[in-house]
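Structure at a glance
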Amino acid sequence: MQTWAIFCRVVDNFGDIGVCWRLARQLANEHALDVTLWVDDLASFAKIRPEINSNLATQTLETVTIRHWPENWPAAIPASDVVIETFACDLPPAYIEQMRTHAAANSTAPIWINLDYLSAEDWVSGCHGLPSPQNGLKKYFFFPGFNEKTGGLIGEQSMRQQRAAWTASDAAALRQRLAPKLPVTNADTQYFSLFAYENPALNAWLEQLKDSPSPIVLFVPEGRVLPQIEQLLMLGELHTGEVYQYGAVSLAILPMLSQDDYDRLLWSCDLNFVRGEDSFVRAQWAALPMIWQIYPQSEDTHLEKLDAFLQLYLADLPPELATALRDFYYAWNQGGDIAQSWRMLNTEREILRQHAKNWAKRLAAHGDLATNLVKFTQSI
Ligand code: TRH
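These remarks concern the structure in this document. Keep in mind that this is a model prediction, so the values were computed, not measured.

As a further point, take helix H13 (residues 339-347). The complete set of buried residues in H13 reads Ala339, Ser341, Trp342 and Leu345. All buried residues of H13 lie within an arc of 160 degrees about the axis, which places them on one face of the element. In H13, the exposed positions angled more than 90 degrees off the buried face are occupied by Gln340, Arg343 and Thr347. Of the surrounding secondary structure, the elements contacted by the buried residues of H13 are strand S9 (190-194), helix H7 (202-210), strand S13 (271-275), strand S14 (290-293), helix H12 (319-334) and helix H14 (349-364).

The eight strands are arranged S3-S4-S2-S1-S5-S6-S8-S7 in an open sheet whose pairing can be described as mixed. Each edge of the open sheet carries a strand with a single partner, namely strand S3 (58-61) and strand S7 (131-134). Each adjacent strand pair in this sheet contributes to an overall mean axis angle of 25 degrees, direction not counted. In this sheet, strand S8 (residues 137-142) lies alongside S7 in antiparallel orientation, the contact comprising four bridges. When the sheet's bridge partners are listed, Gln134 is paired in S8 with Leu137. Relative to S8, helix H3 (residues 93-105) is tilted by about 115 degrees, and along the sheet it contacts strand S1 (3-8), strand S5 (82-86), strand S6 (111-115), S7 and S8.

On to H12, then. A turn of α-helix holds 3.6 residues, and therefore any two residues three or four places apart point the same way. Here H12 contains 16 residues, and its C-alpha end-to-end distance of 22 Å stays within 8% of the 22 Å for a straight helix at 1.5 Å per residue. Those residues of H12 that sit buried are Leu321, Ala322, Ala324, Leu325, Phe328, Tyr329, Tyr330, Ala331, Trp332 and Asn333. Where H12 terminates, the next one or two residues include Gly335, which has phi positive at roughly 95 degrees.

Quick look at unusual backbone geometry now. Most peptide bonds are trans, and most residues other than glycine sit at a negative phi. Phi is positive for Phe87, close to 50 degrees, though the residue is something other than glycine. Summarising the element assignment, Phe87 is placed in the loop between S5 and H3.

Another aspect to go through is empty space enclosed by the protein. Counted under the stated rule, the structure contains two cavities of 30 Å³ or more. If you go around the largest cavity, you meet 14 residues; those closest to its centre are Val19, Pro144, Ile154, Glu277 and Val281. Counting residues per element, the ones that place at least two in the lining of the largest cavity are helix H1 (15-30) and helix H10 (278-285). The dominant element in the lining of the largest cavity, judged by the number of residues it contributes, is H10, at three residues. Within the lining of the largest cavity, the residues separate by chemical class into nine nonpolar, no polar and five charged. Lining the lining of the largest cavity are residues from two domains, each supplying at least three of them: domain 1 (3-154 + 366-379) and domain 2 (157-365). Taken together, Leu194, Phe195, Ala196, Pro221, Glu222, Gly223, Arg224, Val225 and Arg275 form the lining of the second largest cavity. Considered class by class, the residues forming the lining of the second largest cavity number five nonpolar, one polar and three charged.

Attention shifts here to the packing of H12 against H13. The N-to-C vectors of H12 and H13 enclose an angle of 130 degrees; their axes lie 8 Å apart at closest approach. By the angle class used here, H12 and H13 are oblique. When you trace H12 past H13, the crossing you get is left-handed. Contacts from Glu320, Leu321, Ala324, Leu325, Asp327 and Phe328 of H12 reach H13 at Ser341, Trp342, Met344 and Leu345. Here the contact of H12 with H13 is composed, by residue class, of seven nonpolar, one polar and two charged.

Taken together, the neighbourhood of the ligand is formed by 23 residues, with Asp12, Tyr197, Leu257, Asp278 and Ser279 sitting nearest. The contact in question runs from an oxygen atom of the ligand to an N or O atom on the side chain of Asn13, over 2.8 Å. Summarising the interface, the protein chains cover 97% of the accessible area of the ligand, which totals 710 Å² for the free molecule. Under a 2 Å grid-point criterion requiring more than half of the atoms, the pocket assigned to the ligand is the largest pocket. Those elements that provide at least two residues to the shell around the ligand are H1, helix H9 (259-267) and H10.

What follows covers the state of the cysteines. In total, this model carries zero disulfides according to the counting rule given. Left unpaired, Cys20 is separated from the closest cysteine sulfur, that of Cys8, by 3.5 Å. In this structure Cys20 comes out as buried when scored by relative accessible area, which is 0%. Counting only cysteine sulfurs, Cys8 is the nearest neighbor of Cys89, a cysteine outside any disulfide, at a range of 7.3 Å. Residue Cys89 is classed as buried on the basis of its relative accessible area, which comes to 5%.

Cut-offs and rules
Residues numbered from 1 in each chain as written. Predicted model: local features only at pLDDT ≥ 70, side-chain atom pairs only at ≥ 80, totals over all residues. Heavy atoms only, no water. Buried < 20%, exposed > 50% of the residue type's maximum accessible area, 1.4 Å probe, protein only. Helix = DSSP H or I, 4+ residues; strand = E, 2+ residues; numbered from the N terminus. Arc of directions from axis to C-beta. Contact = heavy atoms within 4.5 Å. Pairing = 2+ DSSP bridges. Axes fitted to C-alpha atoms, helices over the stretch in contact; angles between N-to-C directions. Expected span 1.5 Å × (residues − 1). 1 Å grid on protein atoms, 1.4 Å probe; cavity = no way out; pocket = protein on both sides within 12 Å on 5 of 7 lines; lining within 4 Å. Points joined across faces, edges and corners; volume = space filled by probe spheres on them. Nonpolar A, V, L, I, M, F, W, Y, C, P; charged D, E, K, R; others polar. Domains from an automatic or database assignment. Parallel < 35°, antiparallel > 145°, perpendicular 65-115°, else oblique. Left-handed = near helix turned anticlockwise from the far one by under 90°. Near = heavy atom within 4 Å. Polar contact = N/O pair within 3.5 Å; in protein donor to acceptor, adjacent residues only side chain to side chain. Areas by Shrake-Rupley, 256 points an atom, 1.4 Å probe, with all protein chains shown as cover. Sits in = over half its atoms within 2 Å of the grid points. Disulfide = S-S within 2.5 Å.

Written as structure tokens, this is what we have:
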């Protein structure tokens, strides 16, 4: 069986390990590969996958070998056939030496790939798949993306089958399981999920929701946005498992969910607010309307990425609605008035729903990242 090693350094939050775990799991389970995932921060991993024991140097989950990536690298770890360095995390120099040893002893060198961050910018298609010489080895740059000239998006077959089979009653049962204290809701109730960083438009948006003529349930997994909501509600500390009323809005505060349950929550809401990279991708596979808070970068470079994505994402919407969605996205990321754009989005829910479905279908046409990656390694 071909051996693959994936190296993951957790920079902050959960996106790095979120992406790496999904990739490792899919490669092992859907492509029958022998996968080892090296992670430097098992405690963050345990937050999205509670079965992980952060004290173990080695453990196995869903046939993936998970190993703690220690500060002092044990020199004698032999190199795998395929080595994935994620997000330019810099492999241990001793491991690179092992890759050279492997290359010298075999007719082929290990395939070394840097998996990059997701971006919709044009230059990505031109750089995807390019090699860079590394003193006797070659490192290939593999980019996720939104068209056939890129690696596509991570999206397991199993998840897509489950998503397709997910019904309205599954959604209702999940919502009840996650928030048993929710008041009885009616057919007009809208369900939103909120996963965000500290956010410049959140207060103004909640003010809008508060006066909604129909009930709204807002699921908020605990995290960085909670202190801001606490300040606005002025009810003191908000507790997971509790539901708080703010005008028409029932705020259900959830613990951090497992990745699989978080996926199901996304499938069970009318609108999902997501952030970073991985939740952003999952919201697209959920095939439901979404608002993205992009990971902020210095010198506002993230706004170019946001714009590149919106150019693709909004292209098939009626112009007025595209403008409203663009305005809302920019206000959500930078601040600014959201009242007018929100009114329009709220009126045109059905078009947005259909648009999200079409978008997911279009993404699926480019295959998925793990499958494209396997094909790429076979083509080198
Ligand atoms: O957590 P993020 O902000 O992560 C990142 C990192 O900051 C990273 O350094 C940066 O480069 C990247 O964003 C762009 O957002 P993201 O990417 O959405 O990752 C969150 C992960 O957490 C994702 O795998 C989904 C998971 N998750 C759960 O498993 N349960 C939950 O309840 C929630 C809300 C999320």
